[in-house]
Amino acid sequence: MGAISIWHWLLVIVVVALLFGGRGKLSGLMGDAAKGIRAFKDGLKDDDKKDGPAEGVSSLPRTDAEKDQLNR
């Protein structure tokens, strides 16, 4: 029971072949995931720039008191 049987070795070989076989499918999947995360972050940055007013500009209409202060 302490020895590793042929079935254990076959299972290990199959798992290694699935993960690292060919061009490195695992690294390809991780690269695709990283590209997706990067695109998501870039999309959030673009939305922040497009939404809302520019810096120093209020999106609310001015009150009469604010208009009086500007006229002084």
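Residues numbered from 1 in each chain as written. Predicted model: local features only at pLDDT ≥ 70, side-chain atom pairs only at ≥ 80, totals over all residues. Heavy atoms only, no water.

Focus: the overall build of the protein chain
Item 1. Within the protein chain, the regular secondary structure consists of three helices and zero strands.
Item 2. What you see in the protein chain, going N to C, is helices and strands ordered as α-α-α.
Item 3. Summed over its atoms, the accessible surface of the protein chain is roughly 7100 Å², and 63% of this surface lies on carbon and sulfur atoms. (Helix = DSSP H or I, 4+ residues; strand = E, 2+ residues; numbered from the N terminus. Areas by Shrake-Rupley, 256 points an atom, 1.4 Å probe, with all protein chains shown as cover.)

Examining the confidence of the model for the protein chain
Item 1. On average, residues of the protein chain carry a pLDDT of 77, and 69% of them reach 70 or more.
Item 2. At the level of individual helices and strands, the protein chain shows its lowest average pLDDT in helix H2 (residues 25–50), which scores 79, and its highest in helix H1 (residues 6–20), which scores 84. (pLDDT = per-residue confidence, 0-100.)

As for a nonpolar patch on the surface
Item 1. A cluster of nonpolar side chains, contributed by Ile-4, Ile-6, Trp-7, Trp-9, Leu-10, Val-12, Ile-13 and Val-16, occupies part of the molecular surface with about 880 Å² of accessible area.
Item 2. Structurally, Ile-6 can be placed in helix H1. (Patch = residues over 30% accessible without salt bridge, like charges linked within 9 Å, V, L, I, M, F, W, Y side chains within 5 Å. Salt bridge = Lys/Arg side-chain N within 4 Å of Asp/Glu carboxyl O.)

Comments concerning a positive patch on the surface
Item 1. A cluster of like positive charges, contributed by Lys-35, Arg-38, Lys-41 and Lys-45, occupies part of the molecular surface.
Item 2. Locating Lys-41 in the fold gives a position in helix H2. (Lys, Arg positive; Asp, Glu negative; His and termini not counted. Charge placed at Lys NZ, Arg CZ, Asp CG, Glu CD.)

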